[in-house]
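# Results of the structural survey
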Amino acid sequence: MPDRRSPSSSAGRDFLRQIIDRDIAAGRYDGVITRFPPEPNGYLHIGHAKSILLNFGIAEEYGGRCHLRFDDTNPETEEAEFVEAIKEDVRWLGFDWGEHLYHAADYFGQMYGFAEQLIRNGKAYVDSQDEAAIRESRGTVTEPGIPGPDRERPVEENLALFRGMRDGAFAEGEYVLRAKIDLAAPNMLMRDPILYRIRHASHHRSGDEWCIYPMYDYAHCLEDAIEKVTHSFCTLEFENNRELYDWILDELGFEEPRPHQYEFGKGLINYTVTSKRKLLRLVRGGLVAGWDDPRLPTLTALRRRGVPPEALLAFWGRVGVARADARIDVGTLEFAIRDELNRKAPRVFAVLDPLKVVLTDWEPGRTRDLDAPYFPHDVPLEGSRTIPFSGELFIERGDFSEDPPPGFKRLVPGGEVRLRYGCIIRCVRAVRDRKGRVVELHCTHNPDSWHGELGSGRRVPGTIHWVPAAEAVPCEVRLYDRLFSVPDPDAAAAARGEESTFLDFLNPDSLEVREGALVEPSVVGDPRESRYQFERTGYFWRDPVDDSAGRLVFNRIVTLRDVWSRRGAGLGKGDGSRAAEGADRQPRPQERRRPEPTSPGTRRRLPDELQVRADELVRRFGLTEVDAEILARDDERSRFLEAAAEAYPEPGRGPESGVALANWIIHELPRVRDGRALEHLPFGPAELAGLVALVDQEAISSSAGAEVLAVLAREGGEPAEIVRRLDLFQMRDADSLEHVISSVLAASPGKVGQYRGGKEGLLGYFMGQLMARTGGKADPALAARMLKDRLRGESAEEAARDG
RNA sequence: UGGCCCGUCGUCUAAUGGCAGGACACCGGUCUUUGGAACCGGCGGUGGUGGUUCGAGUCCACCCGGGCCAACCA
């Protein structure tokens, strides 16, 4: 196992951890500080768990810390009630913020001070335009905004007005504080964003101390900076906000090391919704029983349902994190839950839809105590309970069939089945009521088939669970299923038309209550929070809200995997399986959304003056149209090309070298440039020309050339000198190459065989080995040719020999 | 539509110019006193077209597809 904390083993880790690895390697921070910054205006859901896990988990991994910070900058929507609920959810997931519990509201004083500083620096102004006017003057994505009348207000006046705002001299909406950035910025957020607004509202934490409240963009970066957060993770939709985040911190003089924002993709889950708005509609609309309705994806609901927090952690760990939103199949979640529970939950018997069985050959009054292990052979946990067995018991109605489908392995008239941990019984008669419904089964038992006794090895096709009629405990069982009947309710609504909403796709069977269920008596004495597997049915626990001393209520956490019902062969909906839902449970992959086969497309036409320039580049340097256009659009690079062509050593200067130079400028230069203006690079066109000439003359390979370029970009210098210093001259001596090739092939005889077997991709592997062994100096074209010959030649030899 | 971002098996995710790998799902098998679990095997992918390179999922260009931004929300 590679050391997960070692920066040198970044490969394979997610991009956030790679960023931290990089920063640590560069010595940028003393330690890692992250934060989880919920707004206390609603309940946390499973998507937040990803963020919690990332922030707290990463901090833990790097020996740093994670702050829990309530981003409470909007007094109108936030409530103390949510603060407590969120804390409970985070704790439930197993994380601890220690003393690092913060509120944005605690920084309002400092934030106010920074705002005055911005005003004094001429970077913010008080605007008297109303909301509509501000929106109007901000322009659109295609048109720049126009400055409002207050934009050039003098500093002193801004200061006075801003203090007036703070002191409550104005009504809501009368004034706002705006950053003075750029009304024409392509990023709409940079068009003089609002920093403060007036709200005469009581804040859940600061009460009536303030009547101006900071906006998210202004507040969040300052919160991070004040807390000395190093890595500020948020979701993708905040990408555009990063520019403003940096602007504010830079303008306020926060110097490195300071926080930086990185965005990751959200994880959406099929068959549910997580947006606050939609959750609210479900709850307010009474479509679910509350925020903790076990069908909801809120953490409080998942907790009530019985999902172990470890399963959520495992789930998100398995899903991973990337820079794109993900829509995850619920199957992945269900797997994580089952995987966790399978290893820990004791097995017990419960019958959800009871059918009475009478053993007609059972000695009246006799009872036999059966010892039933809590765990199957493959779960390394100990323990057992006793279940009393006598002549009357209940089995699952779905475990009996008078008209069994092919492959049915349970009880049929005249057939045998094993009672788990009991004996084999045979069905002799089905007793019916007046309506013809089977109400009771008369069976006989085989006294030589008791579990654990001699003769018990006899095999019958099926084994079913059961409960004793006299001792079984009545209970209510709630079977939860996915809330929606389609994977993406929003998309389904959009596809259906304007009138449709996500609510049209609620699954009518998302909750099924079994009032007449029976559970074995052993569970009565167990701790309430015990999680069980009801054998052959699913994982359950007692509902923490409705279960009480006088009433046993179980929630189904998740079903068992069930290949029988999945086949659609199972008929018994009555056994609590998902049989009847059959085919649509596993939606067939939708049609592949293949883009249309490409047409050449319409290339954007170059403006005339650039076209002239491009034409000239084609003529002078023999460039392709495409390359010429790239350079024609880029004044900086085309001038660089011209100067480099001028500097190219005399013999060889011409169209051919022009093409080579253009290739380097277009393909290699951007890699090493690191955002710098070309004139600020520590080397110039002449050095590039010298470098390209060395490659053209085949003194060095192109990969060595790239290496030289990297050095040039880092520290400047003279190409030929760098080549000498690094000893990059090409290795073109056939004997030496032959020697290296032999050692490469000898080192991996298996791969040689595979290559000859047709796996030609291995050529790249061999080349890589060869390059590594020659320090990148081998002439690649020559080496590749020789390598191919060798691989082919020897195989021909072998073939000849073998044949 | 201007800007920014993202396209790898059905889904999620690795490969940091050098063997396209893993997980879930699916299919088949072994085992089984849970139609569970476990184990073995199989199916299956770089959106497209050009270019750079000895070598491209990775770099460049264009096209196609998707997401975000025009709240005094976060």
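Everything discussed here concerns the structure shown above.
Figured I'd write up the structure that's included with this text. (Residues numbered from 1 in each chain as written. Chains lettered and ligands numbered in written order. Predicted model: local features only at pLDDT ≥ 70, side-chain atom pairs only at ≥ 80, totals over all residues. Heavy atoms only, no water.)

In space, the 4 strands of this open sheet follow the order S4-S5-S6-S7, with antiparallel pairing throughout. Among the strands making up the open sheet, the edge pair consists of strand S4 (124-127) and strand S7 (212-214). Adjacent strand axes in the sheet meet at a mean angle of 20 degrees, parallel and antiparallel pairs treated alike. Note that strand S5 (residues 176-179) and strand S6 (residues 194-198) share 3 bridges and pair antiparallel. Of the residues in S6, the one forming a bridge with Leu177 is Tyr196. On the sheet, helix H6 (residues 155-166) packs against S4, S5, S6 and S7 and is oriented at approximately 60 degrees with respect to S4. (Pairing = 2+ DSSP bridges. Helix = DSSP H or I, 4+ residues; strand = E, 2+ residues; numbered from the N terminus. Axes fitted to C-alpha atoms, helices over the stretch in contact; angles between N-to-C directions. Contact = heavy atoms within 4.5 Å.)

Let us look at the pairing of strand S1 (residues 33-36). One face of the sheet, then the other: side chains in a regular strand alternate in exactly this way. Of the two faces of S1, the one carrying Ile33 and Arg35 and the one carrying Thr34 and Phe36 are both buried. Pairing of S1 with strand S2 (residues 65-70), which is carried by 4 bridges, proceeds in the parallel orientation. Counterpart to Ile33 in the pairing with S2 is Arg65. A crossover connection joins S1 to the parallel S2 through helix H2 (residues 46-61); in handedness this β-α-β unit is right-handed. (Buried < 20%, exposed > 50% of the residue type's maximum accessible area, 1.4 Å probe, protein only. Right-handed = clockwise from strand over helix to strand, strands pointing away.)

For the rest of this paragraph, the subject is the environment of Lys228. By secondary structure assignment, the location of Lys228 is in the loop between helix H7 (216-226) and strand S8 (231-235). Along the backbone, Lys228 and Pro257 are 29 residues apart, and their C-alpha atoms lie at a distance of 8.7 Å.

Okay, the packing of helix H22 (residues 734-747) against helix H24 (residues 762-773) next. As a packed pair, H22 and H24 sit with axes 10 Å apart at the nearest point and diverge in direction by 125 degrees. For the element pair H22 / H24, the angle class is oblique. Crossing of H22 against H24: the hand is right-handed. Residue-level contacts link Val740, Ile741, Ser743, Val744, Leu745 and Ala747 of H22 to Phe766, Gln769, Leu770 and Arg773 of H24. When its residues are assigned to classes, the contact of H22 with H24 shows 7 nonpolar, 2 polar and 1 charged. (Parallel < 35°, antiparallel > 145°, perpendicular 65-115°, else oblique. Left-handed = near helix turned anticlockwise from the far one by under 90°. Nonpolar A, V, L, I, M, F, W, Y, C, P; charged D, E, K, R; others polar.)

Turning to the environment of Ser702, a few remarks are in order. Topologically, Ser702 is positioned in helix H20 (residues 702-715). Considering only alpha carbons, one finds Ser702 and Lys777, 75 residues apart in sequence, at a separation of 9.8 Å. Ignoring any residue separated from it by four or fewer positions in sequence, one finds Ser702 in contact with Trp664 and Val695.

Right, let's talk about helix H13 (residues 489-496) for a bit. Where H13 is concerned, the buried positions are Pro489, Ala492 and Ala493. Within H13, the buried residues cover an arc of 100 degrees as seen down the axis, which keeps them to one side. Residues of H13 that are exposed and point more than 90 degrees away from the buried face comprise Ala494 and Ala495. Gly497 lies just past H13 and shows a positive phi near 135 degrees. (Arc of directions from axis to C-beta.)

What follows deals with the pattern of salt bridges. Within the structure shown, the criterion is met by 72 salt bridges. The partner of Glu116 in a salt bridge is Arg120, and the shortest N-O contact between them spans 3.6 Å. With Glu116 and Arg120 both in helix H4 (residues 108-120), this residue pair falls 4 residues apart, about one helical turn. Judged by relative accessible area, which is 9%, Glu116 ranks as buried. With relative accessibility at 46%, the residue Arg120 sits in the partly exposed group. With a closest N to O distance of 2.9 Å, Arg792 and Asp789 form a salt bridge. Of this pair, Arg792 and Asp789 both sit in helix H25 (residues 780-802), 3 residues apart, which is roughly one turn of that helix. (Salt bridge = Lys/Arg side-chain N within 4 Å of Asp/Glu carboxyl O.)

This brings us to the environment of Leu236. The residue Leu236 is located in the loop between S8 and helix H8 (242-251) in this model. Relative accessible area serves as the criterion here: at 13%, Leu236 is assigned to the buried category. For Leu236, the residues in contact, after removing those within four places along its chain, are Glu263, Phe264, Gly265, Arg323, Ala324 and Asp325.

We now examine the side chain of Asp217. Its location among the elements puts Asp217 in helix H7. At 9.2 Å, Arg138 is the nearest oppositely charged side chain to Asp217, a buried residue that forms no salt bridge. Reaching out from Asp217, the side chain makes a polar contact with the side chain of Asn241 at a distance of 2.7 Å. When residues no more than four places from it in sequence are discounted, the contact partners of Asp217 are Leu189, Asn241, Leu244 and Ile248. (Lys, Arg positive; Asp, Glu negative; His and termini not counted. Polar contact = N/O pair within 3.5 Å; in protein donor to acceptor, adjacent residues only side chain to side chain.)

Turning our eyes to something else, we now look at unusual backbone geometry. Look at the link from Glu256 to Pro257: it is a cis peptide, with omega at -5 degrees. Here Pro257 is to be found in the loop between H8 and strand S9 (260-264). A positive phi angle is found at Arg536, which is not glycine, with a value near 70 degrees. If you trace the backbone, Arg536 turns up in the loop between strand S25 (531-534) and strand S26 (538-542). The partly exposed category is assigned to Arg536, whose relative accessible area is 37%. The backbone phi angle of Asp674 is positive, close to 60 degrees, even though this residue is not glycine. Assignment of secondary structure puts Asp674 in the loop between helix H18 (655-673) and helix H19 (685-696).

Moving on, we get to the packing of H7 against H8. Each pair of packed helices gets described by two things: the angle between the helix axes and the distance between those axes. One can describe the packing of H7 onto H8 by two numbers: an axis separation of 9 Å at closest approach and a directional angle of 60 degrees. It follows that H7 is oblique to H8 by the angle criterion. In the crossing of H7 with H8, the sense of the turn from one axis to the other is right-handed. On H8, the residues touching Asp217, Tyr218, His220, Cys221, Leu222, Asp224 and Ala225 of H7 are Leu244, Tyr245, Ile248 and Leu249.

As a further point, take the packing of aromatic side chains. In this description, a pair of aromatic rings is defined by centroid distance and the angle of the planes. Per the counting criterion, the structure on display carries 29 aromatic pairs. Ring geometry for Phe56 and Phe95: centres 5.3 Å apart, planes at 25 degrees, overall stacked. One end of the pair, Phe56, is in helix H2; the other, Phe95, is in the loop between helix H3 (80-92) and strand S3 (101-103), and 39 residues separate them in sequence. Of the two residues, Phe56 and Phe95, both sit in the buried class. Taken together, the aromatic side chains of Phe108, Tyr112, Phe162, Tyr196, Trp210, Tyr213 and Tyr218 make up a single cluster linked through ring pairs. Its end group placed over the ring of Trp450, Arg368 keeps NZ or CZ at 4.1 Å from the ring centre. (Phe/Tyr/Trp six-rings, centres within 6.5 Å; stacked < 30°, edge-to-face > 60°. Lys NZ or Arg CZ within 6 Å of the ring centre and 35° of its normal.)

This paragraph deals with the sheet that holds strand S23 (residues 473-480). Think of a sheet as strands paired side by side through backbone hydrogen bonds, with each pair either parallel or antiparallel. Spatially, 7 strands are ordered S12-S25-S26-S27-S23-S24-S13 in an open sheet, and the strand pairing comes out mixed. The sheet terminates laterally at strand S12 (347-348) and strand S13 (350-351), the two strands that pair on one side only. Where S23 lies against strand S27 (residues 553-559), 3 bridges are found, and the strand directions are parallel. When the sheet's bridge partners are listed, Val477 is paired in S27 with Phe554. Together, S12, S25, S26 and S27 form the strand contacts of helix H12 (residues 330-344), whose direction differs from that of S27 by roughly 115 degrees.

Moving on: the nonpolar core. Formed by 41 residues in total, the largest nonpolar core has its most connected members in Leu641, Leu661, Phe683, Leu688 and Leu691. At 8 residues, H18 tops the list of elements feeding residues into this core. Beyond its immediate sequence surroundings of up to four residues, Leu688 is in contact with Phe640, Leu661, Trp664, Ile665, Phe683 and Leu709. (Core = buried A, V, L, I, M, F, W, Y, C linked by side-chain atoms within 4.5 Å.)

Before going further, it helps to spend a moment on H2. Taking 1.5 Å of rise per residue, 16 residues should cover 22 Å, and H2 covers 22 Å from first to last C-alpha, within 8% of that figure. Gly63, located one to two residues past H2, shows a positive phi value of around 65 degrees. (Expected span 1.5 Å × (residues − 1).)

Another point: the side chain of His45. On the secondary structure map, His45 appears in the loop between S1 and H2. Using a relative accessible area of 11% as the deciding quantity, one classes His45 as buried. A distance of 3.2 Å separates the side chain of His45 from the backbone oxygen of Thr274, its partner in a polar contact. With residues near it in sequence (within four places) discarded, His45 still touches Thr274, Leu279, Pro297, Thr298 and Leu299.

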